[in-house]
Amino acid sequence: MDKTYYESFERMEDFMTRAFAAIGVPAEDAKTCAAVLIESDKRGIDSHGVGRFKPIYIDRINEGIQLVNTRFEVVRETKTTAVVDGHDGMGHVIGVKSMQMAIDKAREYGMGMVAVRNSTHYGIAGYYAIMAANAGMIGLTGTNARPSIAPTFGVENMLGTNPLTIGLPTDEAFPFVLDCATSITQRGKIEHYARIGHEMPVGWVIDNDGKPVTDPKVALKGFNTGECALAPLGGIGEELAGYKGYGYATVVEILSAALQGGSFLSALAGFGPDGAKHPYHLGHFFMAIDISAFTPVEEFKKTTGDILRELRGSKKAKGQDRIYTAGEKEYLAFLERSKTGIPLNEEVRKSLTAARDQLKVDFTFVWEEE
């Protein structure tokens, strides 16, 4: 049986920073990329953290479809808005700079919004919403992605998992952060299931005949060949209101492409007509709303906290001892992992070791110290 090893936040962030720098990412940008990635693991979201370090970022850099030097070009700007071209640089760097620009505009004018084109995978969307919440603002972000979701009544993967993410400051120790895909689950979770050899529930993925697929490796292969697709949030068809998830995914697709003149739908597949890999050219959007333009921040935080506490204190279903609000489980995971470190299974360990050896980073992992 595979033994789980644990690395501290600090050691894993240090390793990724050094590895990003070793492959050519500028020092400050390397720190940013590592900080965004480690935030996912800190919050217990294993689908978007260190497990994706090599296959999503290092491998794509090696393949030439993601650039280590990020050219952050503002191509259009007003007092409250901006359009940015990321030129296929590091999505984490583009994301942090874009949300900070939105926050700065909101601080001066009440609201700020930045739309991005030609970017790459920007990691955990919640990172950017939390940036705004920590600044005493409401933060919203979304991104399109390579096709995975079938439209309601369809079987072809057309839309990305397209998260619509919102962060709100509260008077509690953690903000309210709703960070979830508009599909019934996210592609990263299926990648995580494939890494740990866990079968998927029926209803997450369908094949071209509309039949359920439960093997995550079959699903991941099928996404690339067009033989599998994710169901939208809600599920297959109309009975469980899957059309709502389909609708929200479409909203995110439009806001990630139409405002900034970006790529969309099948153009985000990452493959050219000849089957060769090419940059994904993803789009994002970032919005910050200054709460103080409406009401004192502390009053907003208290009202928000009161709402969340009343929800958690409501009558529980039989057999349940707790009701959660968005961001609470991630905060509890952070408290636990602050003590234990990040859990790393065998497949993730192999991936990290391969990246370390390939990039010749002088680093000894905890499982090598026995």
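Our structure is the block above this text.
Residues numbered from 1 in each chain as written. Predicted model: local features only at pLDDT ≥ 70, side-chain atom pairs only at ≥ 80, totals over all residues. Heavy atoms only, no water.

Undergrad: Is there a simple way to explain the overall build of the chain in this structure?
TA: Secondary structure summary: the chain contains eleven helices and twelve strands in total. Against the globule reference of 21 Å for 370 residues, the chain gives a C-alpha radius of gyration of 20 Å, in line with a compact fold. Projected onto its principal axes, the C-alpha positions of the chain cover 50 × 50 × 45 Å. By the burial criterion, 53% of the 370 residues in the chain qualify as buried. The long-range fraction of contacts in the chain, counting pairs at least 24 apart against all pairs at least 6 apart in sequence, stands at 67%. Where the 40 positive side-chain charges of the chain centre and where its 48 negative ones centre are 1 Å apart. (Helix = DSSP H or I, 4+ residues; strand = E, 2+ residues; numbered from the N terminus. Rg over C-alpha atoms; globule rule 2.2 N^0.38 Å. Buried < 20%, exposed > 50% of the residue type's maximum accessible area, 1.4 Å probe, protein only. Contact = heavy atoms within 4.5 Å. Lys, Arg positive; Asp, Glu negative; His and termini not counted. Charge placed at Lys NZ, Arg CZ, Asp CG, Glu CD.)

Undergrad: Would you mind showing me how to read the packing of helix 2 (residues 27-42) against helix 4 (residues 91-109) here?
TA: For any two helices packed against each other, one specifies the crossing angle of their axes together with the interaxial distance. Across the interface, helix 2 lies against helix 4 with an axial gap of 8 Å and an inter-helix angle of 90°. In terms of axis orientation, helix 2 runs roughly perpendicular to helix 4. For the pair helix 2 and helix 4, contact is made by D29, T32, C33, V36 and L37 and by H92, V93 and V96, respectively. Residue classes in the contact of helix 2 with helix 4 are distributed as five nonpolar, two polar and one charged. (Axes fitted to C-alpha atoms, helices over the stretch in contact; angles between N-to-C directions. Parallel < 35°, antiparallel > 145°, perpendicular 65-115°, else oblique. Nonpolar A, V, L, I, M, F, W, Y, C, P; charged D, E, K, R; others polar.)

Undergrad: Honestly, helix 10 (residues 328-340) in this entry has me stumped. Any pointers?
TA: An α-helical turn contains 3.6 residues, so a residue and the one three or four places further along point in the same direction. Compared with an ideal rise of 1.5 Å per residue, which puts 13 residues at 18 Å, helix 10 spans 19 Å between its outermost C-alpha atoms and is within 8% of the ideal. Within helix 10 the residues assigned to the buried category are E328, A333 and R337. The buried residues of helix 10 occupy an angular sector of 165° when the element is viewed end-on, so they sit on one face. Close packing links the buried residues of helix 10 with helix 1 (9-22), helix 2, helix 9 (297-312) and strand 12 (342-344). Just downstream of helix 10, G341 is the residue with a positive phi angle, here 95°. (Expected span 1.5 Å × (residues − 1). Arc of directions from axis to C-beta.)

Undergrad: Hey, could you run me through the sheet that holds strand 4 (residues 111-119) in this one?
TA: Note on sheets: strands pair through backbone hydrogen bonds, and any given pair is parallel or antiparallel. As summarised here, the arrangement of the seven strands in space is 2-3-4-11-5-6-7, forming an open sheet in which the pairing is mixed. Of all the strands in the sheet, just strand 2 (73-77) and strand 7 (176-178) have a single pairing partner and so form its edges. Taken pair by pair, the neighbouring strands of this sheet meet at an average axis angle of 15°, ignoring direction. As paired elements, strand 3 (residues 81-85) and strand 4 share five bridges and run parallel to each other. Within the sheet, the bridge partner assigned to V83 lies in strand 4 and is A115. (Pairing = 2+ DSSP bridges.)

Undergrad: Teacher, can you tell me more about a nonpolar patch on the surface here?
TA: There is a patch of nonpolar side chains on the surface, built from Y324, L332, F334 and L335 and spanning about 300 Å² of accessible area. With a relative accessible area of 36%, Y324 lands in the partly exposed category. (Patch = residues over 30% accessible without salt bridge, like charges linked within 9 Å, V, L, I, M, F, W, Y side chains within 5 Å. Areas by Shrake-Rupley, 256 points an atom, 1.4 Å probe, with all protein chains shown as cover. Salt bridge = Lys/Arg side-chain N within 4 Å of Asp/Glu carboxyl O.)

Undergrad: I keep staring at the pattern of salt bridges and nothing clicks. Help me out?
TA: When the charged atoms of two side chains with opposite charge come close together, those side chains can pair. Scanning all chains against the criterion turns up 23 salt bridges. Between D104 and R107 there is a salt bridge; the shortest N-O distance is 3.6 Å. Of the two residues, D104 and R107 both sit in helix 4, three residues apart, roughly one turn of that helix. Residue D104 is classed as partly exposed on the basis of its relative accessible area, which comes to 39%. Its salt-bridge partner being R146, residue E191 comes within 3.2 Å of it at the nearest N-O pair. Here E191 is found in helix 6 (residues 187-196), whereas its partner R146 is found in the loop between strand 5 (137-143) and strand 6 (164-168), with 45 residues between them in sequence. Judged by relative accessible area, R146 falls into the buried class, the value being 17%. Salt bridges here are not isolated pairs; linked through shared partners, they connect D171, E172, K302, D306, R309, R312, R322 and E328.

Don't take any of this as a statement about function, it's just geometry.
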